[in-house]
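Observations on chain architecture
Residue strings, one per chain:
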Amino acid sequence: MKYTKFTLIAIAVAGILTACGSKESGKEQQTAAPQQVTPLVSVVTVVAEDIDITTTYTSNVEPNATNNIVSQTAGRINNIYVEVGKKVSKGQLLATMDDANLAKSRLQYVNDSIELGRITELYKIGGVSQADYDLAVMSLNIQKKTYANLLENTKLRSPISGVVTARNYDKGDMYAMTQPIFVVEQIIPVKMLINVSESQFTEVHTGMEFDVTVDAYPNEVFKGKVNLIYPTINANTHTFPVEVIVDNKDQKLRPGMFARVTANFGTNHHVVVPDVSVVKQVGSGEHFIYVLQADNTVKYQLVEVGKRLGDKYEIISGLNEGDRVVTEGQARLKNGIEVKVKE
């Protein structure tokens, strides 16, 4: 049989199309969708626990009292008796100033005392008037106060027991009243000022115990007590100041230390879950947990997370005690999907 040129071309095209169809059919068979695999997960049954309601505030250790030791008059410093870091007692002599004015005042006080004695004898026999006698008494009292004031400002003593934290002059310096000669701070006890939320205003009371920690003693907890509660609320921050004191008898706490003050406001009975079960939704700050349902499907449950407790989280709302939550295999899950639980 003879074929024309056009006939041969038609036969060739038909063969190519037949071959392509066979290949496409085979490809479709090879790429057929595999059967859906049920995700394998691990679950735990959650329980509720008593959890302390604690809040930690940051503050700085402050002295209970601070005194700037100064003289009311400028003058030369005769002697310095203490150094920075020295523990001093109330009434202890710290420094003496030039005493020329003190000596003059003392002499005047002695003279006025003698003069009053003379006038008193004359007054008894009617030799001077009541007015002259009263003037002499008043003059002596004024001079007595002047002498006492000069004595206090010439012999400088500490008004409190504490530690010398600053000395700004040396022996022989001219004191010009620009800064204190000494700074004495009382560190038995010390205090911290914290700002507490107004929602806890009725829960804080004088004498309430707080825990205090500092970086210098990382493994030690100091016991503090509420000493003072300020009566007003800051309208901008909605907090109120509370003064906490620590007796500090061992003097470990020093002014300027960074402190953390922890208050305990009771307990809550809340569900606790492993931290690996909590899924944080990126960009929203919300937290979810996959909860296993009775039909072996999972529910993507929104929860409110509370405190972190080691490798667990407190759940404030969203779960009930006895719920079974997924702890492994969340990456392949979505809401409502059926799962298989590991034995």
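Refer to the structure printed above.
Here the structure is a predicted model, which means the values were calculated and not measured.

What counts as what
Residues numbered from 1 in each chain as written. Predicted model: local features only at pLDDT ≥ 70, side-chain atom pairs only at ≥ 80, totals over all residues. Heavy atoms only, no water. Core = buried A, V, L, I, M, F, W, Y, C linked by side-chain atoms within 4.5 Å. Buried < 20%, exposed > 50% of the residue type's maximum accessible area, 1.4 Å probe, protein only. Helix = DSSP H or I, 4+ residues; strand = E, 2+ residues; numbered from the N terminus. Contact = heavy atoms within 4.5 Å. Pairing = 2+ DSSP bridges. Axes fitted to C-alpha atoms, helices over the stretch in contact; angles between N-to-C directions. Phe/Tyr/Trp six-rings, centres within 6.5 Å; stacked < 30°, edge-to-face > 60°. Lys NZ or Arg CZ within 6 Å of the ring centre and 35° of its normal.

1. Notes on the nonpolar core
Counting residues in each nonpolar core, the largest one holds 25 residues, and the members touching the most others are Val61, Met192, Ile194, Val204, Phe210, Val242 and Leu253. Sorting the residues of this core by element identifies strand E10 (182-197), strand E11 (209-214), strand E12 (217-229), strand E13 (239-246) and strand E14 (258-274) as the ones contributing at least two each. Element by element, the count of residues in this core is highest for E10, at five residues. In this structure Leu253 touches Val61, Val190, Val214, Phe222, Val246 and Asn248, once residues within four positions along its chain are discounted. Residues Ala95, Val164, Tyr175 and Ile181 belong to the second largest nonpolar core, which totals 15 residues.

2. With respect to the sheet that holds strand E9 (residues 174-175)
Strand pairing in a sheet takes place through backbone hydrogen bonds and is either antiparallel or parallel in direction. Read from one edge of the open sheet, four strands run E7-E6-E4-E9, paired in antiparallel fashion. Sheet topology places strand E7 (155-157) and E9 at the edges, where each strand pairs with a single neighbour. Sheet analysis places strand E6 (residues 93-97) next to E7, joined by three bridges and oriented antiparallel. Opposite Leu93, over in E7, you have Arg157 as the bridge partner. Contacts from helix H3 (residues 130-154) reach E6 and E7, with the element oriented near 70° to E7.

3. Considerations on the packing of aromatic side chains
Aromatic ring pairs: the centre-centre distance and the angle between the two ring planes describe each pair. Per the counting criterion, the structure on display carries seven aromatic pairs. Look at Phe201 and Phe240: their rings are 4.8 Å apart centre to centre, the planes differ by 75°, and that puts the pair in the edge-to-face class. Pair noted here: Phe201 is in the loop between E10 and E11 and Phe240 is in strand E13, with a separation of 39 residues, a long-range link. Each member of the aromatic cluster is reached from another via a ring pair, and the members are Phe288, Tyr290 and Tyr300. Above the plane of the ring of Tyr217 lies Lys252, whose end atom (NZ or CZ) is 5.4 Å from the centre.

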